[in-house]
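As a plain string of letters, each chain reads:
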Amino acid sequence: MTDHAPAAAPLADNLAAAFQIEGWPVRGRLVRLGETIDAILSAHAYPEPVAALLGEACVLAALIGSALKFEGRLIVQAQGDGPVRYVVADYDTQGHLRGYCRFDEAEVAAVSQGFARPGAKTLLGEGLFVMTLDRGADFERTQGITPIEGESLSLAAEHYFQQSEQIPTKVRLAVGAVVTDGGAAWRAGGALIQLIAGDAARGSTEEVWDRSRALFQTLGDDELIDPTLSPETLLFRLFHEDGVRLEDARALQAVCRCSKARIGAVLASFEPEERAEMVEDDGKIRVTCEYCATVYELEPEEIVAG
């Protein structure tokens, strides 16, 4: 009698995965985030519209970053002259996500008086959407930049792919709070489809792309963030007539790269007079990580020694 290890259960949440529509010149990616996005957004007391904007950036970073074929990081950021000065999401190829926003609370409140949640253009104003690829110290960073347009970062991402890579792309992003037995929690989801260029064997792909976009537009925000809807079921609802399969699913976690050693190294780069001004009444220097809100306490002596 031979013992067989049980097969690993397929990932159902906090994942990024590729998908392929059977026989179609279309490739796609899907991201579903539960505890991972809740940890990122709950680390700060963000107003609801700001949290939603950061959630979109995190989903985008995972959607695009999870397709990278090399070790490194993808940084998605947008900055402008609006109530939100800056939003950034950072994905590395281990599946780690982090992100944060800088904003003016009073200005955000002022643009949040209507019935609809203010989106990217309202919150960021005139500005730029930037995607940065970081392959490590041995390589130069590469960037793609496009103007911020529309109330979702999805439009900026579509324009980026069209301008920078000439790849027809459609993106859907959704962020919202859901109530479960454990209480209210943030969830986020996103999907992306891209047209694979036609060739002599494949012929024209325009008709198939039109059909793919039409089906893709039926994808609802509620479906993307529904914790009871599996990734496979979601895709089946979209493309069941033609067959679709999920591939290469990888787990996504909220992980910050901050550490006491890193904070100490940054502080060591300041002049002694500047560090002296940071010392609090109890003789310690405290630094809060912008991403995860962890507070680090350091003795001035250990910074100098480092």
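You'll find the structure just up there.
Residues numbered from 1 in each chain as written. Predicted model: local features only at pLDDT ≥ 70, side-chain atom pairs only at ≥ 80, totals over all residues. Heavy atoms only, no water.

Draft legend 1. A look at helix α9 (residues 260-268). Considered for burial, the residues of α9 that qualify are I263, G264 and L267. Along the axis of α9, the buried residues cluster in a sector spanning 100 degrees; they form a single face. Summarising the geometry of α9, the exposed residues directed more than 90 degrees from the buried face are A261, R262 and A265. (Buried < 20%, exposed > 50% of the residue type's maximum accessible area, 1.4 Å probe, protein only. Helix = DSSP H or I, 4+ residues; strand = E, 2+ residues; numbered from the N terminus. Arc of directions from axis to C-beta.)

Draft legend 2. Local environment of a negative patch on the surface. Among the surface-exposed residues, E271, E273, E274 and E277 lie close enough to one another that they form a single negatively charged patch. Its place among the elements puts E271 in the loop between α9 and α10 (272-278). Given the relative accessible area of 47%, E271 is considered partly exposed. (Patch = residues over 30% accessible without salt bridge, like charges linked within 9 Å, V, L, I, M, F, W, Y side chains within 5 Å. Areas by Shrake-Rupley, 256 points an atom, 1.4 Å probe, with all protein chains shown as cover. Salt bridge = Lys/Arg side-chain N within 4 Å of Asp/Glu carboxyl O. Lys, Arg positive; Asp, Glu negative; His and termini not counted. Charge placed at Lys NZ, Arg CZ, Asp CG, Glu CD.)

Draft legend 3. Broad picture of unusual backbone geometry. A positive phi angle is found at N14, which is not glycine, with a value near 50 degrees. If you trace the backbone, N14 turns up in the segment before β1 (15-21). For N14, a relative accessible area of 11% corresponds to the buried category. Located in the positive-phi region is D248, a residue other than glycine, with phi close to 55 degrees. In this structure, D248 sits in strand β10 (residues 244-251). According to the relative accessible area criterion, D248 is partly exposed, its value standing at 48%.

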